[in-house]
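In case you want the letters, here they are:
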Amino acid sequence: MTPTTDDNLTFEEGMGRLKKLVESLQGDHSLEESLAIYKEAKALADRLEDRLEEAELSVRRLEGQEVDVTLDSSLEGRPDHGRMD
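Thresholds, definitions, all that
- Residues numbered from 1 in each chain as written.
- Predicted model: local features only at pLDDT ≥ 70, side-chain atom pairs only at ≥ 80, totals over all residues.
- Heavy atoms only, no water.
- Core = buried A, V, L, I, M, F, W, Y, C linked by side-chain atoms within 4.5 Å.
- Buried < 20%, exposed > 50% of the residue type's maximum accessible area, 1.4 Å probe, protein only.
- Helix = DSSP H or I, 4+ residues; strand = E, 2+ residues; numbered from the N terminus.
- Expected span 1.5 Å × (residues − 1).
- Contact = heavy atoms within 4.5 Å.
- Salt bridge = Lys/Arg side-chain N within 4 Å of Asp/Glu carboxyl O.
- Axes fitted to C-alpha atoms, helices over the stretch in contact; angles between N-to-C directions.
- Parallel < 35°, antiparallel > 145°, perpendicular 65-115°, else oblique.
- Left-handed = near helix turned anticlockwise from the far one by under 90°.
- Nonpolar A, V, L, I, M, F, W, Y, C, P; charged D, E, K, R; others polar.

(A) Representation of the nonpolar core within the structure. Counting residues in each nonpolar core, the largest one holds six residues, listed as Leu 18, Leu 21, Ile 37, Ala 41, Leu 44 and Leu 48. Looking at this core, the elements with two or more residues in it are helix H1 (11–25) and helix H2 (31–62). For this core, the element with the most residues is H2, which contributes four residues.

(B) Structural view of H2. Between its terminal C-alpha atoms H2 stretches 46 Å, which fits the 46 Å expected from 32 residues at 1.5 Å a residue. Of all the positions in H2, only Ile 37, Glu 40, Ala 41, Leu 44 and Leu 48 are classed as buried. Tucked into the core, H2 has its buried residues touching H1. Directly after H2, the chain includes Gly 64, whose backbone phi takes a positive value near 75 degrees.

(C) Layout of the pattern of salt bridges. Scanning all chains against the criterion turns up three salt bridges. Close ionic contact of Lys 42 with Asp 46 constitutes a salt bridge, the shortest N to O distance being 2.9 Å. Of this pair, Lys 42 and Asp 46 are both found in helix H2, four residues apart, which corresponds to roughly one turn of the helix. Where Glu 56 meets Arg 60, a salt bridge forms, and the shortest distance between an N and an O atom there is 2.8 Å. Of this pair, Glu 56 and Arg 60 both sit in helix H2, four residues apart, which is roughly one turn of that helix. For Arg 60, a relative accessible area of 32% corresponds to the partly exposed category.

(D) Focus on the packing of H1 against H2. Following both chains from N to C, one finds H1 and H2 inclined at 155 degrees, their axes separated by 9 Å at the closest point. The orientation of H1 relative to H2 falls into the category roughly antiparallel. Judged by the twist between their axes, the crossing of H1 over H2 is left-handed. Taken together, the residues of H2 that come into contact with H1 (itself represented by Phe 11, Gly 14, Met 15, Arg 17, Leu 18, Leu 21, Ser 24 and Leu 25) are Ser 34, Ile 37, Tyr 38, Glu 40, Ala 41, Leu 44, Ala 45, Leu 48, Arg 51 and Leu 52. Taken together, the residues that form the contact of H1 with H2 break down as twelve nonpolar, three polar and three charged.

In structure tokens, the structure reads:
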């Protein structure tokens with residue numbers, strides 16, 4: 001399975017791509033191929049989650065709700081987590 005540039009995909013296209021990657025993992029692949037597919041799927045899932053969070057934030061702002069911008073657990077483990085530049 002060849003990686004695609006998912007930055008240009010719509011959210012729905014990204015979800016479709018993610019579904020295909022997950023289905024592909026059920027196939028017969030070498031360890032290296034399976035790991036590459038998993039890494040692509042994980043990176044895509046993370047980007048899609050970020051887009052969902054951005055959309056939720058936009059909706060909250062439009063509704064005039066107070067937005068909590070504190071760091072949450074989804075940022076743990078990311079290279080820039082907790083940086084105060």
